[in-house]
Structure formats: structure tokens, C-alpha cells
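So you can see what is in the structure, the chains are spelled out below.
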Amino acid sequence: MPQEIILASGSSIRSDLLRAAGVAHRIDVPRIDEESVRAALAAEQAPPRDVADMLAEMKARKISDRNPGALVLGCDQVLSIDREIIGKPTDVDDARAQLRRLRGKTHMLLSAAVLYEDSAPLWRHVGIARLHMRDISDAYLDDYLSRNWDSIRHSVGGYKLEEEGVRLFTHIQGDHFTILGLPLFELLNHLILKGTLPS
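Quick caveat, the model's predicted, so the values are computed rather than measured. (Residues numbered from 1 in each chain as written. Predicted model: local features only at pLDDT ≥ 70, side-chain atom pairs only at ≥ 80, totals over all residues. Heavy atoms only, no water.)

Draft legend 1. Quick look at the environment of serine 11. Residue position: serine 11 is located in the loop between strand 1 (5-8) and helix 1 (12-20). Serine 11 sits 170 residues away from glycine 181 along the chain, and the two C-alpha atoms are 8.8 Å apart. Here the side chain of serine 11 touches arginine 14 through a polar contact of 3.1 Å, landing on its backbone nitrogen. (Helix = DSSP H or I, 4+ residues; strand = E, 2+ residues; numbered from the N terminus. Polar contact = N/O pair within 3.5 Å; in protein donor to acceptor, adjacent residues only side chain to side chain.)

Draft legend 2. Spatial organisation of the environment of glutamate 57. Looking at the element boundaries, glutamate 57 is found in helix 3 (residues 48-65). The sequence separation of glutamate 57 and glycine 74 amounts to 17 residues, and the corresponding C-alpha distance is 6.0 Å. Residues in contact with glutamate 57, not counting those within four places in the same chain, are Val114, Tyr116, Pro121 and Arg124. A polar atom in the side chain of glutamate 57 sits 2.3 Å from the side chain of arginine 124. (Contact = heavy atoms within 4.5 Å.)

Draft legend 3. Summary view of the UniProt feature "active site" (unreviewed entry) in the chain. Those places that UniProt annotates as "active site" (unreviewed entry) correspond, in this numbering, to Asp76. Assignment of secondary structure puts aspartate 76 in strand 3 (residues 71-81). Its relative accessible area of 3% is what places aspartate 76 among the buried residues. Not counting residues up to four positions away in its chain, the partners in contact with aspartate 76 are Arg14, Glu34, Arg38, Ala52, Leu55, Ala56, Lys59, Leu110, Ser111 and Ala112. For aspartate 76, the side chain forms a polar contact with the side chain of lysine 59, separated by 2.9 Å. (UniProt positions renumbered as here; feature names shortened; annotations may be inferred. Buried < 20%, exposed > 50% of the residue type's maximum accessible area, 1.4 Å probe, protein only.)

Draft legend 4. Here's a closer look at the nonpolar core. Counting 23 residues, the largest nonpolar core has Leu99, Leu131, Tyr144, Tyr159 and Leu168 as the members making the most contacts within it. Among the secondary structure elements, those contributing two or more residues to this core are strand 3, helix 4 (92-102), strand 6 (120-133) and helix 5 (138-152). Look past the residues within four positions of leucine 131 in its chain and what remains in contact with it is Lys105, Thr106, His107, Leu109, Tyr159, Leu161, Phe169, His171, Ile172 and Ile179. If you look at the next biggest cluster of nonpolar residues, it comprises 19 residues, including Ala8, Val37, Leu110 and Val114. (Core = buried A, V, L, I, M, F, W, Y, C linked by side-chain atoms within 4.5 Å.)

Draft legend 5. Summary view of helix 5. For helix 5, spanning 15 residues, the distance from its first C-alpha to its last is only 18 Å, which falls clearly below the expected 21 Å at 1.5 Å a residue. Taking the largest bend as the criterion, helix 5 deviates by roughly 50 degrees, centred on serine 146. Every buried residue of helix 5 is accounted for by Tyr140, Leu141, Tyr144, Leu145, Asn148, Trp149 and Ile152. In this structure, the buried residues of helix 5 make contact with helix 4. (Expected span 1.5 Å × (residues − 1). Bend = angle between axes of the 7 residues up to and from the residue.)

Draft legend 6. Local environment of unusual backbone geometry. Positive phi values are uncommon outside glycine, yet aspartate 118 reaches one of about 50 degrees. Relative to the helices and strands, aspartate 118 is located in the loop between strand 5 (106-117) and strand 6. Overall, the relative accessible area of 47% leaves aspartate 118 in the partly exposed class. Positive phi, close to 65 degrees, is recorded for serine 119, a residue that is not glycine. With respect to the element layout, serine 119 can be found in the loop between strand 5 and strand 6. Classification of serine 119 by relative accessible area gives partly exposed; the value is 37%.

Draft legend 7. Quick peek at helix 1. Those residues of helix 1 that sit buried are Arg14, Ser15, Leu17 and Leu18. For helix 1, the buried positions fall inside an angular range of 160 degrees around the axis, keeping them on one side. Opposite its buried face, helix 1 presents the exposed residues Ser12, Arg19 and Ala20, each directed more than 90 degrees away. Looking at the buried positions of helix 1, the neighbouring elements they touch are strand 1, strand 2 (26-27), strand 3, helix 6 (176-180) and helix 7 (184-194). Taken from the residues just after helix 1, glycine 22 is the one with a positive phi, measuring 80 degrees. (Arc of directions from axis to C-beta.)

Structure representation (C-alpha cells):
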């Protein structure tokens, strides 16, 4: 009988990516006060990479604790510019301020994935993508937000690269899956080497 895989994330995009890659799984969303954890780590001046990794690990551990024998995948993504982490916009004005901060500059998306089994970590990876946003005009920015707010309201930085947000950028370094929130190539390689997935 194949080992059960649980995605400890409410992200439909991550679940869709796993499903499209042929990774059978179920979803169990952990209840974690992410804002408090982020604030505590920020107070300790933790680097963005550590913040993403810690949040992914907390999610995986919480679900693993109540699912012995299962392979649990915890994930998190942070956006960093000049070592400062930017979260999901609280409203359209916050999204406008975020995009103004990002325009004309390069920022990073860090997507962490941690696998747990029987309350112990087995594997972890933080994928990094660098994205350079064009110097968009205020007029385009306002039009973009009015057209896309319902879609981007839960996205860090106020954009989705898989939608009109791609027009905001001149170039990216890193793979598309990391930008979507899951370092999929590295995860699949590990699952195949572990024997969880056939090769």
C-alpha cells in the first residue's frame, strides 16, 4: 500500500501542481498564527529564507503529529525586497503601496517546502526566484488594480504571474513552480529517490 501524502496547505495552486504531476494527496490545513510567527521572527531579524522555512516546518509538524505514518508536506512563500518581507495586501490601497515599492526593482520570492514523517523532518528545500518589475506608471497601476483586485487580493506583492501580473515584469530568474509557491522539481526528485513515486 502506497504511503499517504498530506499537503499541509490550503493553497489550491499547490494542490493543483501536485495533482498535475501525478502526486496523489489529501489536504489538511493546519491552524497556525502565521502573523505572530512572522512578527517574532522579524523581531529576531531572521532572514527571509529562515522565515519561509520555519513556517513551512511548523505546518508540516502540526499535521504530522496527528497523522502517524503519513508523509506530510508543509509549504510557505515569502516576498523579500531589501531583506524586508512583504505580506499579502490588506486592501487595495495596501496593494497599490506594495506595487509602488516593487516597481523598477528586483525582489525575491522564496518558496519553502518541508517533508515530515512521524513528527520528524525528512527533507527541506527553499527555492528562490528573482523578479524584476518594470517601472509601471501610476495610471496603469490603478487600471491593473481595478481589473484584478478580486484575483490578487490574497497574493503577496499584489500580483499573480500566471495572470495579467506577468505584464508587470521585464524578466525573472528562477523556475515557474517556485514563483507559484512550490519548488516542485526538487520535491519530485526527492520523492522519486525515496521510492514514494515510481521512476
